[in-house]
Protein chains: 2
Amino acid sequence: MAKTPIPLTGAITQIKVACNDCTLFQLCLPVGLDRHELDLLDSIIQRRRPIDRGESLFSMREKFRSLFAVRSGSLKTYTLTEDGREQVTGFHLPGELVGLDAIGTGAHGCTAQALETTSVCEIPFDRMEELWARIPVLPRQIIDVMSNAMREENSLVTLLGKKSAEERLASFLLNLSERFSRRGYSSREFNLSMSRNDIANYLGLAVETVSRLFSRLQEEGVLVVDSRFVGVNDLERLRALAGSGAGASGRSANNGVV
Amino acid sequence: MAKTPIPLTGAITQIKVACNDCTLFQLCLPVGLDRHELDLLDSIIQRRRPIDRGESLFSMREKFRSLFAVRSGSLKTYTLTEDGREQVTGFHLPGELVGLDAIGTGAHGCTAQALETTSVCEIPFDRMEELWARIPVLPRQIIDVMSNAMREENSLVTLLGKKSAEERLASFLLNLSERFSRRGYSSREFNLSMSRNDIANYLGLAVETVSRLFSRLQEEGVLVVDSRFVGVNDLERLRALAGSGAGASGRSANNGVV
DNA sequence: CGAATCCTTGAACACCTTCAACAGGGGTGG
DNA sequence: CCACCCCTGTTGAAGGTGTTCAAGGATTCG
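Remember, predicted model here, so these are calculated numbers, not experimental data.

About the thresholds
Along every chain, residues carry numbers that run from 1 in the direction the sequence is written. All chains are assigned letters beginning with A, and all ligands numbers beginning with 1, in the order in which they are written. Owing to the predicted nature of the model, reporting of local features is limited to residues with pLDDT of at least 70; listing and counting of side-chain atom pairs is limited to 80 or more, with chain, interface and lining totals taken over all residues. Based on all heavy atoms of the structure, the side-chain values leave hydrogens and waters out of the count. Residues grouped as a nonpolar core are buried Ala, Val, Leu, Ile, Met, Phe, Trp, Tyr and Cys residues, joined through side-chain atoms within 4.5 Å. Note on classification: 1.4 Å probe, protein chains only; a residue is buried when its accessible area is under 20% of the maximum for its type, exposed when over 50%, partly exposed between these limits. Residues are treated as being in contact if the distance between any of their heavy atoms lies within 4.5 Å. Each copy is superposed on the other by least squares, with the fit set by C-alpha atoms of residues at a pLDDT of at least 70 in both. Two parts placed together each lose some accessible area under a 1.4 Å probe, and the buried area is that loss summed for both. The rule for a salt bridge is simple: a side-chain nitrogen of Lys or Arg has to be within 4 Å of a carboxyl oxygen of Asp or Glu. Two N or O atoms count as a polar contact when they lie within 3.5 Å, although within protein this holds only if one can serve as hydrogen donor and the other as acceptor, and sequence-adjacent residues are included solely when both atoms are side-chain atoms. A run of DSSP states H or I qualifies as a helix once it reaches four residues; a run of E qualifies as a strand once it reaches two. Both are numbered from the N-terminal end. For this scheme, ten residues count as nonpolar: Ala, Val, Leu, Ile, Met, Phe, Trp, Tyr, Cys and Pro. Four count as charged, namely Asp, Glu, Lys and Arg, and the remainder, Gly too, count as polar. In this scheme Phe, Tyr and Trp rings, the latter by its six-membered ring, pair at centre separations within 6.5 Å, and the angle between planes marks the pair as stacked below 30 degrees, edge-to-face above 60, and tilted otherwise. The rule for a charge over a ring is simple: NZ of Lys or CZ of Arg within 6 Å of the ring centre, and within 35 degrees of the ring normal. An automatic or database domain assignment provides the domain bounds reported here.

Caption draft 1: Fine view of the nonpolar core. The biggest cluster of nonpolar side chains holds 76 residues, and the ones touching the most others in it are Phe172(A), Phe214(A), Leu223(A), Phe172(B), Phe214(B) and Leu223(B). Non-local contacts of Phe172(B), meaning those with residues more than four positions away in its chain, are made with Phe91(B), Met194(B), Ile199(B), Tyr202(B) and Leu203(B).

Quick look at the structure:
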């Protein structure tokens, strides 16, 4: 989704560069655009050198200038509570847009930080607005993406509001699994780019709880875990655990919260 | 935001009916539209008879046809977990739009139910799309509204992920207080249109916990509570409680979750 | 190779839930 | 109009899930 090769820091050779050729075409914003419209969009998209693990793409309260699409790697977004606690609000894989929550106020509502070396497409928002007249479906695409994001957030709210620790982790892994498989990766084996800490934070749990859950799910034969690698042995069981917690574990069928 | 008087079921007389005259003008979608554009928007907006407490405006998985703006009264939206538990995802006051999360998929992702007798403006989405060419700022308005909604949801995620029970209730009351005051009502005295059950559900807590918290906040002189009426005695204290839980209560400064 | 960070595991504790019983309305039908 | 019921809301006691505290192992990176 960028128009010319990325300036290289190392020895990586970028090949797929234009939206036209981008493998993320089907996942990203340009879905539904014809060739001409694609070229127009392409012309405003800016490249950046890949950012390293730990670097921020933008920070909370910073002025909003651009949307970003993840091309490779992954990001986490997080907000801060009034007293400085961090809350991870999402993990973002290739093909996904970040920064959407900043449009309304003109300032970023969260910080976006790379979980690994990550390259993104930068879409300057003012230039994109100029394109709306010439690409009428573009605003509609944005609206669709935002609408889907809102629905995603609703499931996160449900997860945090109603699910037990085990259900949360199972749901999280299933969600990742689906997203990986939609990107052509295995849905049964993958490497987590985020730390246990990030996972725990995202799921509203303590790190220790997440760690214990990984261990237990491995003992029970549902998963194979090796530090950041996760293999799903029993997908059905994982689904059951994510749904209602009525799985084989000796856990009470409480109402989720706590 | 509707164009002719509402068909009356009782003896209520509707007066403010067109977007032009609507008192919610500043809160609703039409912000930033000129008179001509307002008339155009006005022409597609449909009236409905007010819906009664408990009635649904739309249901989860139902085909998406329209957005709705609350004109008077209030709504709750909720989703269901796989195993049928209900999770309240939001309360909606006059001037707020619901149904936005349905645009992307074409089917509603939540159910919207009236908490009291409520009247809404219905905005058929296909007709609204037709207007985009003639009112170029309209899609941008929608995007702004959605962006703000996403940010709102992020604070809910933070609330559920990081805050203790007391912080949750305090945050909830402050949020309501601000929204009421923006609508010209008192920020220090208001009536809740939702049950304790809905509040508890929304905050990811048990009803009993919410009830106990109301009692305690009253004992401590922060609130005056009389069933659904809430009076805020000590706004500063409520703010402190919402922020970090480092208030006067003898509560440990744990990390919130649980 | 040593420091730092991440991850894991164990034990005690705490916040909130669950279970239980009761009080207060509001509506319905006698 | 009162009695009854149903639902909502309150309060008390016991219990549990997940946290906190603590320490040790694993991994990374200078």
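Caption draft 2: Spotlight on the relation of the copies chain A and chain B. Under the fitted operation, chain A is carried onto chain B by 0.0 Å of movement along the axis and a turn of 180°, and the coordinates agree to an RMSD of 0.0 Å. One copy is carried onto the other by what is essentially a two-fold rotation axis. Of the residues that chain A buries at the interface, 98% are likewise interface residues in chain B, meaning the two copies contact each other through the same surface.

Caption draft 3: Molecular detail of the interface of chain A and chain B. Taken together, the contacts link 52 residues of chain A with 51 residues of chain B. Across the chain A to chain B interface the summed buried area is about 4,400 Å²; carbon plus sulfur atoms make up 59%. Contact with chain B buries area across many residues of chain A, yet Arg85(A), Met150(A) and Arg151(A) alone supply 15% of it, more than any other trio. Where chain A meets chain B, there are six salt bridges. Two residues, Lys163(B) and Glu82(A), come together in a salt bridge whose shortest N-O distance is 3.6 Å. Remark: the boundary between chain A and chain B carries 30 residue pairs in polar contact (both at pLDDT 80 or more). Elements with a minimum of two residues in the side of chain A that touches chain B: strand 5 (86-92), helix 2 (125-131), helix 3 (137-162) and helix 7 (235-243) of chain A. Among the elements that make up the side of chain A that touches chain B, the one with the highest residue count is helix 3 of chain A (19 residues). Taken together, the residues of the side of chain A that touches chain B break down into 19 nonpolar, 20 polar and 13 charged.

Caption draft 4: Representation of the packing of aromatic side chains in the model. Residues and elements named next belong to chain A. Using the criterion set out here, one finds 16 aromatic pairs over all chains in the structure. Ring geometry for Phe-180 against Phe-190: centres 5.0 Å apart, planes inclined by 35°, an arrangement best described as tilted. Pair noted here: Phe-180 is in helix 4 (residues 165-182) and Phe-190 is in strand 9 (residues 189-191), with a separation of ten residues, a long-range link. Owing to a relative accessible area of 14%, Phe-180 belongs among the buried residues under this scheme. An aromatic cluster of at least three residues, connected via ring pairs, comprises Phe-64, Phe-125 and Trp-132. The aromatic ring of Phe-214 is capped on one face by Arg-196, whose charged end is 4.2 Å from the ring centroid.

Caption draft 5: Expanded view of helix 1 (residues 35-44) of chain A. Looking at helix 1 of chain A, one finds that the buried residues are Glu37(A), Leu38(A), Leu40(A), Leu41(A), Asp42(A) and Ile44(A). Tucked into the core, helix 1 of chain A has its buried residues touching strand 1 (46-47), strand 8 (119-124), helix 2 and helix 3 of chain A.

Caption draft 6: Here's a closer look at the pattern of salt bridges. Residue and element names in this part refer to chain A. Within the structure shown, the criterion is met by 30 salt bridges over all chains. When the shortest N-O distance is used, the salt bridge between Asp-83 and Arg-85 registers 3.1 Å. Under the relative-accessibility criterion, Arg-85 is labelled buried at 14%. Members of the salt-bridge network, linked through shared partners, are Lys-76, Glu-86 and Asp-198.

Caption draft 7: Representation of the environment of Glu178(B). Here Glu178(B) lies in helix 4 (residues 165-182). Residues Glu178(B) and Leu159(B) lie 19 residues apart in sequence; the distance between their C-alpha atoms is 17 Å.

Caption draft 8: Quick peek at the domain arrangement of chain A. Residues and elements named next belong to chain A. Each assigned domain of chain A is listed here: domain 1 (8-152) and domain 2 (159-252). Placing the centre of domain 1 and that of domain 2 at their C-alpha centroids yields a distance of 27 Å. Contacts between domain 1 and domain 2 engage 17 residues on the former and 14 residues on the latter. Between domain 1 and domain 2 the total buried area reaches about 1,300 Å² when both faces are included, carbon and sulfur atoms providing 52% of it. Ranking the residues of domain 1 by area buried against domain 2 places Leu-27, Phe-91 and Leu-93 at the top, with a combined share of 45%. The tally of links from domain 1 across to domain 2 stands at three salt bridges. With a shortest N-O distance of 3.1 Å, Arg-183 and Glu-96 are connected by a salt bridge. Counting the contacts that link domain 1 with domain 2 gives nine residue pairs in polar contact (both at pLDDT 80 or more).

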